[in-house]
Amino acid sequence: MTSEPRASTPEMRLKRLHERLGGIAYGGDYNPEQWPREVWEEDVRLMKEAGVNLVTLAVFSWSRLETADGIYDFGWLDQIMGLLHENGVGVDLATPDAVPPAWLVAQHPDILPVLADGTTFGFGSRQHFDVSHPAYRAKSLAMAEKMGERYAGHPALCMWHVNNEYGPVSYGPHADRAFREWLQQKYSSLDDLNTAWSTDVWGQVYSDWAQVNAPAQPRTWSNPTRRLDYHRFTSDSMLAHYKAERDILRRHTPDLPIVTNFMRFYKNNDYWAWAAEEDAAALDIYPDPREEDAHVAAALNFDLMRSLRKGQPWLVMEQATAAVSQWSVNVSKLPGKMRLGSYQAIAQGADSILFFQWRQAKGGTERFHSGMVNHAGPNTRVFREVCELGRELKELGGITGTRSAAKVAVVFDWDCWWALELGNSPRSDLNYTQEVLRLYRPFFDANIPVDFVNTASDLSQYSLVVLPASYLLSDDAVQRFENYVAGGGRLVASYLSGIVDPDNTIRLGGYPGALRNVLGAWSEEMHPLAGEGEEVKISTADGGTASANYWTEHLHTEKADVLASYASGRLAGSPAVTRNTFGKGTAVYLSARVDGTFLEDLLAAERAAAGIRPELDAPLGVQVRRRTGNGRSYLLVLNHNDAPARVDVKAGGADRLTGNAVRGTVELAAHGVLVIEEPTESNPAETAR
Ligand code: GLA
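**Overview of the site of the ligand**
Item 1. Taken together, Phe60, Arg126, Asn164, Glu165, Asn261, Asp284, Tyr286, Glu318, Gln326, Phe356, Glu366 and His369 make up all the residues around the ligand.
Item 2. Glu165 is positioned such that a nitrogen or oxygen atom in its side chain is 2.5 Å from an oxygen atom of the ligand.
Item 3. Asp284 is positioned with one of its side-chain polar atoms (N or O) 3.3 Å from an oxygen atom of the ligand.
Item 4. Look at the ligand: alone it shows 300 Å² of surface, and the protein chains cover 96% of it.
Item 5. The residue inventory of the shell around the ligand, partitioned by class, reads 3 nonpolar, 4 polar and 5 charged.

Set out below in structure tokens:
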């Protein structure tokens with residue numbers, strides 16, 4: 001049964017999903033095919049106890065749904081979907097093409113992806129496909145068609161989950177062909193390609209399209225623009241496959257959300273391009289409990305997810321209740337940390353809390369990855385925490401659909417990421433996400449909400465825009481940044497910004513070529529600092545001292561003022577940090593990796609000058625975020641510290657987790673959370689409880 005097509009937007013589809021689920025989505029991946037029928041009965045009973053309202057089915061089930069070529073068996077899926085529906089649990093149904101079955105691989109061994117060095121992956125894990133393989137694509141789409149046809153209108157079906165963590169790259173013959181086709185679309189002639197790729201360097205000129213192929217392992221360093229284009233191609237080709245599946249599912253179920261799951265700091269796919277094709281951004285997040293500051297990197301990823309679709313609520317598609325099984329030592333989360341991480345995601349805009357997975361597997365690769373129900377069964381700390389969180393989230397339905405606003409934008413752009421890390425540059429250990437994190441962290445610590453943007457985004461709503469190592473900028477992007485500053489915006493750019501154009505060709509005439517005009521400063525030479533821990537001194541214009549490590553540059557000012565200069569080393573006496581007035585705005589340039597205190601002070605001064613204030617003044621490690629909309633306002637206060645913290649919540653409101661009124665200074669337990677519903681004009685009584 002196919003529902004009637006009617007106009008529906010991603011926002012509408014998501015809103016309907018949450019209305020149907022009665023608020024926040026709660027649950028996780030469920031793999032009933034791994035368990036006998038009697039366990040299914042226990043599963044649904046425990047799901048009800050835990051407040052689960054949504055499970056993701058069939059992510060890895062292709063070999064059980066199509067047991068041989070064209071022989072489909074949906075019987076077991078029909079049964080479990082029926083059982084889930086009878087018990088009030090909705091289904092996020094996955095298309096299972098992350099795992100082409102053994103029979104398909106036996107029929108077409110060249111489905112298996114080929115590594116750059118020519119090694120072919122073997123069968124026996126997952127994501128073992130070359131997305132450009134015609135049979136893989138055709139069979140995946142046939143499965144999506146079957147599933148769409150069969151389950152459209154099924155009362156349990158709430159949303160679709162396409163594939164799983166798209167990402168594997170192949171350098172095999174099918175990828176060669178598809179890459180050539182992609183290049184022929186991009187470049188109007190082979191001459192254009194030769195120019196863009198600078199093939200006159202090292203005599204790589206192509207004289208026939210047939211000579212052009214994927215950048216397999218070269219004898220030594222290979223052409224950086226060819227590799228940059230290969231990154232663009234692989235992201236685009238996987239996205240094309242996603243879109244083909246999505247379009248099939250959309251035809252059958254026009255009103256249901258369709259997503260695929262993204263990964264934390266995932267380089268292979270340009271999630272800006274992907275998110276534009278999804279109904280919501282959906283993230284798999286596995287912070288390592290061994291890392292004291294794991295919540296900061298998580299925060300960056302959460303803000304990125306919220307930003308990818310311009311503030312629209314997003315989904316935590318997977319997280320762990322306790323331990324994972326992917327690191328050298330898999331430490332379990334401390335009691336309360338799973339809850340804290342869940343509320344952190346909600347504070348930063350998530351409307352769903354889902355786990356991998358419902359029941360911990362007893363066999364297979366991930367048998368030690370925790371579940372909502374672990375090997376020991378439900379009489380455990382973890383299941384009690386799962387039930388407690390489920391109970392709490394039921395009361396928070398009003399938060400779904402609310403949004404948060406930021407005045408600071410940080411640029412996060414996949415072209416910059418790919419181009420920066422191609423090697424054969426002034427240093428081989430450049431790490432884009434660490435550069436972004438370094439400039440993001442001072443805002444996180446100060447409770448200043450941040451949105452991410454890419455180099456093509458509209459900047460008009462922001463008072464401060466930060467470019468961390470934004471290495472590749474198009475002329476359009478440069479124009480946009482100049483217009484933004486000229487119109488009164490404040491810009492802060494760090495070293496390694498604006499170095500190349502979209503062909504990965506250096507912008508000549510002094511670094512950072514693209515931004516020289518707006519920065520009013522230019523560098524004649526890059527001076528990375530060689531030694532581990534090597535530092536140079538910096539003196540500030542107001543008589544203070546600071547230090548820099550890792551990166552310095554021989555900087556000259558044209559129009560900019562000098563905020564700090566190098567005070568030791570070979571650049572002693574030259575400017576290190578500058579601020580230029582450009583039109584009605586200003587642009588700061590950091591030519592060095594300055595120490596944390598200097599950076600915090602500089603960014604604090606910039607944001608203060610832009611009139612940006614924290615949500616609340618809170619001690620370090622206490623995160624504060626506000627979500628508003630639908631006539632409601634929520635202030636979420638999260639203590640990431642291992643010790644209690646005191647916070648002045650000012651006028652406060654009703655803590656939705658306890659029902660108590662909170663106002664003024666309150667003590668928050670270690671890892672404690674407040675979800676304060678603040679009084680609003682349309683909801684004035686909320687503090688009275
Ligand atoms: C990923 C995958 C899941 C599972 C988890 C845990 O996010 O999507 O299938 O493997 O990791 O490792």
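This is not the end of the story, as more comes after the structure.
**Description of the packing of helix H2 (residues 37–50) against helix H4 (residues 75–86)**
Item 1. The geometry of H2 relative to H4 is characterised by a closest axis approach of 10 Å and an angle of 30° between their N-to-C directions. Of the possible angle classes, the one that applies to H2 and H4 is roughly parallel. Our pair here, H2 against H4, has a crossing hand that is right-handed. Contacts between H2 and H4 involve Arg37, Trp40, Glu41, Val44 and Met47 on the former and, on the latter, Trp76, Gln79, Ile80, Leu83 and Leu84.
Item 2. A breakdown of the residues in the contact of H2 with H4 according to their chemical character gives 7 nonpolar, 1 polar and 2 charged.

**Quick notes on the nonpolar core**
Item 1. If you look at the biggest cluster of nonpolar residues, it comprises 176 residues, and the most contacted ones within it are Leu57, Leu77 and Leu93.
Item 2. It is helix H11 (residues 294–308) that provides the largest number of residues to this core, a total of 9 residues.
Item 3. Phe179, Trp182, Leu190 and Leu193 belong to the second-largest nonpolar core, a separate cluster that totals 17 residues.

**Points about the packing of aromatic side chains**
Item 1. Enumeration over the complete set of coordinates arrives at 30 aromatic pairs.
Item 2. Seen in terms of ring centroids, Phe412 and Phe452 are 6.0 Å apart; in terms of plane orientation they differ by 85°. Their pairing is edge-to-face. In this pair, Phe412 sits in the loop between strand E12 (408–411) and helix H14 (414–420) while Phe452 sits in strand E13 (residues 450–453), placing the two residues 40 residues apart along the sequence. Like Phe412, the residue Phe452 is buried in the burial classification.
Item 3. Members of the aromatic cluster, connected to one another through ring pairs, are Phe262, Tyr266, Tyr271, Phe412, Trp414, Trp417, Tyr432, Tyr440, Phe444 and Phe452.
Item 4. One residue, Arg427, lies across the ring of Tyr550, its end atom 3.7 Å from the ring centre.
Item 5. Positioned above the aromatic ring of Tyr550, the side-chain terminus of Arg593 is 3.6 Å from the ring centre.

**With respect to the pattern of salt bridges**
When the charged atoms of two side chains lie near each other, side chains of opposite charge can form a pair.
Item 1. For the structure on display, the rule yields 42 salt bridges.
Item 2. A salt bridge links Arg290 to Asp288; the nearest nitrogen and oxygen atoms lie 2.7 Å apart.
Item 3. Take Asp288: its relative accessible area is 6%, and that puts it in the buried class.
Item 4. One salt bridge connects Arg516 with Glu558, and the closest N-O pair in it is separated by 2.6 Å. Of this pair, Arg516 sits in helix H17 (residues 516–519) while Glu558 sits in the loop between strand E19 (551–557) and strand E20 (561–566), placing them 42 residues apart in sequence.
Item 5. Residues joined in a network through salt bridges with shared partners are Glu42, Asp43, Arg45 and Arg359.

**Some remarks on helix H7 (residues 173–186)**
Item 1. Under the 1.5 Å per step criterion, the end-to-end length of H7 is 20 Å for 14 residues, consistent within 8% with the ideal 20 Å.
Item 2. For H7, the secondary structure elements touched by its buried residues are helix H6 (134–151), helix H8 (190–196) and helix H9 (224–252).

**Let's talk about a nonpolar patch on the surface**
Item 1. Judged by side-chain polarity, Val201, Trp202 and Trp221 come together as a nonpolar surface patch covering roughly 410 Å² of accessible area.
Item 2. In this fold, Val201 is placed in the loop between H8 and H9.

**Digging into unusual backbone geometry**
Item 1. A cis amide bond links Phe356 to the next residue, Gln357, at an omega of 0°.
Item 2. A cis geometry characterises the amide bond from Tyr511 onward to Pro512, with omega recorded as -15°.
Item 3. Locating Pro512 in the fold gives a position in the loop between strand E15 (490–494) and H17.
Item 4. For Asn163, which is not glycine, the phi torsion reads 55° and is therefore positive.
Item 5. Along the chain, Asn163 turns up in the loop between strand E6 (157–162) and H7.

**Points about the pairing of E15**
Item 1. Within E15, 5 of the 5 residues are buried, which leaves it mostly tucked inside the rest of the structure.
Item 2. Burial along E15 is two-sided: the residues Arg490, Val492 and Ser494 and Leu491 and Ala493 are all buried.
Item 3. Bridge analysis of strand E14 (residues 464–467) against E15 gives 4 bridges, and the strand direction is parallel. Residue pairing for E15: Val466 is matched across the bridge by Val492.

**Quick look at the domain arrangement of the chain**
Item 1. You can read the domains of the chain as domain 1 (10–174 + 217–399), domain 2 (408–609) and domain 3 (622–678).
Item 2. Contacts between domain 2 and domain 3 engage 4 residues on the former and 4 residues on the latter.
Item 3. The contact between domain 2 and domain 3 buries some 370 Å² in all, and 42% of this surface belongs to carbon and sulfur atoms.
Item 4. Here domain 2 and domain 3 share 0 salt bridges between them.
Item 5. Between the two partners, domain 2 and domain 3, sit 2 residue pairs in polar contact (both at pLDDT 80 or more).
Item 6. For the side of domain 2 that touches domain 3, the per-class residue count stands at 3 nonpolar, 1 polar and no charged.

**Some remarks on the environment of Ala116**
Item 1. Its place among the elements puts Ala116 in the loop between helix H5 (102–107) and H6.
Item 2. By relative accessible area, which is 22% here, Ala116 ends up partly exposed.
Item 3. Between the C-alpha atom of Ala116 and that of Val259, which follows or precedes it by 143 residues, the distance is 29 Å.
Item 4. Those residues within four positions of Ala116 in sequence are excluded, and the remaining contacts are Tyr171, Pro215, Ala216 and Gln217.

Definitions and limits used
Residues numbered from 1 in each chain as written. Predicted model: local features only at pLDDT ≥ 70, side-chain atom pairs only at ≥ 80, totals over all residues. Heavy atoms only, no water. Near = heavy atom within 4 Å. Polar contact = N/O pair within 3.5 Å; in protein donor to acceptor, adjacent residues only side chain to side chain. Areas by Shrake-Rupley, 256 points an atom, 1.4 Å probe, with all protein chains shown as cover. Nonpolar A, V, L, I, M, F, W, Y, C, P; charged D, E, K, R; others polar. Axes fitted to C-alpha atoms, helices over the stretch in contact; angles between N-to-C directions. Helix = DSSP H or I, 4+ residues; strand = E, 2+ residues; numbered from the N terminus. Parallel < 35°, antiparallel > 145°, perpendicular 65-115°, else oblique. Left-handed = near helix turned anticlockwise from the far one by under 90°. Contact = heavy atoms within 4.5 Å. Core = buried A, V, L, I, M, F, W, Y, C linked by side-chain atoms within 4.5 Å. Buried < 20%, exposed > 50% of the residue type's maximum accessible area, 1.4 Å probe, protein only. Phe/Tyr/Trp six-rings, centres within 6.5 Å; stacked < 30°, edge-to-face > 60°. Lys NZ or Arg CZ within 6 Å of the ring centre and 35° of its normal. Salt bridge = Lys/Arg side-chain N within 4 Å of Asp/Glu carboxyl O. Expected span 1.5 Å × (residues − 1). Patch = residues over 30% accessible without salt bridge, like charges linked within 9 Å, V, L, I, M, F, W, Y side chains within 5 Å. Pairing = 2+ DSSP bridges. Domains from an automatic or database assignment. Buried area = accessible area lost by both parts, 1.4 Å probe.

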